[in-house]
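# Structure at a glance
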Amino acid sequence: MQPIDIELRSDGKTDSALSSTSSLSSFQLFSREISEREFLRLRDLVYREAGIWLSHTKTALLVGRLAKRLRHHGLKSFKQYYDLVINSPEERIQMLDALSTNETHFFREPQHFELLKSVIFPKWAEEAATGYRSRKIRVLSAGCSTGQEPYSLAMILLDRFPGWEIEIVATDLSTRALEIARTGIWPAAKVDEIPLSYRKAFMLKGFADQAGKIKAGPEIRSVVRFFRMNLNEPAYPLTGKFEMIFCRNVLIYFDQRGREKVVRRLASFLSPDGYLFLGHAESLHAMSDRLRSIIPTVYIGKDYAIGDAKS
C-alpha cells in the first residue's frame, strides 16, 4: 500500500485535544441551567428543522452538546442562544451538527451484507447475463454519518461486479460528519472492521508521521459522492431510482409521523425491484403500503417477490 496524504496541525494535535478542560468545566456549571420554556423552544425548533424528537429525558444531552455553541458565541443563557439560532440559518446548521449522533462502523449489521452476497447479488448477476438487467447499480446511503457505510458498499459492489457502473450517493444532516466522510480518513483501529481481502484491495495505510490512520483508496472514492440532505425536508434533491436504499439507525430519531414521511419519500426513489435496508432496531410494521419485509429490517416492493425474474 502507498502512504496516505493526511493534513495534521503543526503541533500534531486535534482541535478537540486543544480545548481547555478547566474553562469548559466552569462553563458547564452554568450551562446546565436551562428552563422548561427554553428546552421546549429548542426542542420544537430541532423538530421543525430536522424531524428529530427530543423527549425530556434528552435534556442533559441537549444541554451538553449545545454548551460549546454558547461558549463559542460568548453567550450566557439558552435564551440568548435561542434568539441567535432562530435568526441564523448558519447557526441552525451548527446546532444540528452538535446534536447529531455519528456512531457508525464498517460493514455494520453483517446480516445485510450476507443477504447481498448470498441472495441479491447472484440474482442481479443472473439477470444481467440474460439481458434482463443492465450492468448498472445505484445505491443511496441516507444518514451515512462519517462514511463507513457507503465505502463498505463500494468495496463489496466493486469486488462482486467488476466492470459494472457503480454509483453510490451518500447523504447526511451533519456537515461535520460529511467532512470526515469526504476526506475518507479514520483511526487505524477501524481497519479491524473490514474483511482482510477488502482491506488489501481498497484501503490505504499511513506511514511515518501519518501512522495510525487509514484512508479510503481511490477506487472506492471514485464511486461515492457526498452531499448534505435533511430527511425532514418535504422534497429530496435526488434524481432517478435506486436499486438499494440504506437508511439504517436513522428512523429511531423520528417520531411515528416523521418515520412515515421519511419512508414514503425514500420509497418514491426505490426501483420497482429495489431494496430498502433499515437498522436492527427499526421496523416499518404497517407504516407503508408500498413495501413488505423479506427478512427483518429489509424491505422490497409489496407486489414484487425476491425470486421474481423475467416472466
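Values in this document were obtained by computation on a predicted structure and should not be read as measured data. (Residues numbered from 1 in each chain as written. Predicted model: local features only at pLDDT ≥ 70, side-chain atom pairs only at ≥ 80, totals over all residues. Heavy atoms only, no water.)

It is worth spelling out the packing of helix H6 (residues 110–129) against helix H7 (residues 148–160) at this point. Relative to each other, H6 and H7 sit at 40°, their axes nearing to 12 Å. The angle between H6 and H7 falls in the class oblique. For the pair H6 and H7, the crossing hand works out as right-handed. Across from Phe113, Leu116, Lys117, Phe121, Pro122 and Ala125 in H6, the residues of H7 making contact are Ser152, Leu153, Ile156, Leu157 and Arg160. Split by residue class, the contact of H6 with H7 holds eight nonpolar, one polar and two charged. (Axes fitted to C-alpha atoms, helices over the stretch in contact; angles between N-to-C directions. Helix = DSSP H or I, 4+ residues; strand = E, 2+ residues; numbered from the N terminus. Parallel < 35°, antiparallel > 145°, perpendicular 65-115°, else oblique. Left-handed = near helix turned anticlockwise from the far one by under 90°. Contact = heavy atoms within 4.5 Å. Nonpolar A, V, L, I, M, F, W, Y, C, P; charged D, E, K, R; others polar.)

Another aspect to go through is unusual backbone geometry. In the Ramachandran plot, Phe107 falls in the positive-phi region, its phi being about 50° despite a non-glycine side chain. The residue Phe107 is located in the loop between helix H5 (89–99) and H6 in this model. Backbone geometry at Asn249 places phi at a positive 60°, although glycine is not the residue there. You can call Asn249 buried: its relative accessible area is 12%. (Buried < 20%, exposed > 50% of the residue type's maximum accessible area, 1.4 Å probe, protein only.)

Position of Phe106 among the secondary structure elements: in the loop between H5 and H6. Among the residues examined, Phe106 registers a relative accessible area of 2% and is labelled buried. When the C-alpha positions of Phe106 and Ser152 are compared, they lie 5.8 Å apart, and in sequence the two are 46 residues distant. Excluding residues that lie within four positions of it along the chain, Phe106 makes contacts with Gln148, Tyr151, Ser152, Met155, Trp186, Lys190, Glu193, Ile194, Met203 and Ile214.

On to the sheet that holds strand E4 (residues 203–205). Strands sit in the order E3-E5-E4 across an open sheet of three strands; the sheet is antiparallel. At either margin of the open sheet sits one strand with a lone partner, and together these are strand E3 (185–187) and E4. Each adjacent strand pair in this sheet contributes to an overall mean axis angle of 30°, direction not counted. The pairing of E4 with strand E5 (residues 213–216) spans three bridges and is antiparallel. Paired with Lys205 across the bridge in E5 is Ile214. (Pairing = 2+ DSSP bridges.)

This part covers the packing of aromatic side chains. Applying the stated criterion across every chain yields a total of 14 aromatic pairs. With 5.0 Å between their ring centres and 55° between their planes, Phe107 and Phe113 make a pair best called tilted. Residue Phe107 shares its accessibility class with Phe113, and that shared class is buried. Ring centres of Trp124 and Phe161 lie 6.5 Å apart, and the angle between their planes is 40°; on these two criteria the pair is classed as tilted. Here Phe161 lies in the loop between H7 and strand E2 (165–172) and Trp124 lies in helix H6, a separation of 37 residues in the sequence. Across the pair, Phe161 and Trp124 agree in class, each one buried. In textbook terms, an aromatic cluster arises when at least three aromatic residues are bridged by ring pairs, as seen for Phe121, Trp124, Phe161, Trp164 and Tyr275. (Phe/Tyr/Trp six-rings, centres within 6.5 Å; stacked < 30°, edge-to-face > 60°.)

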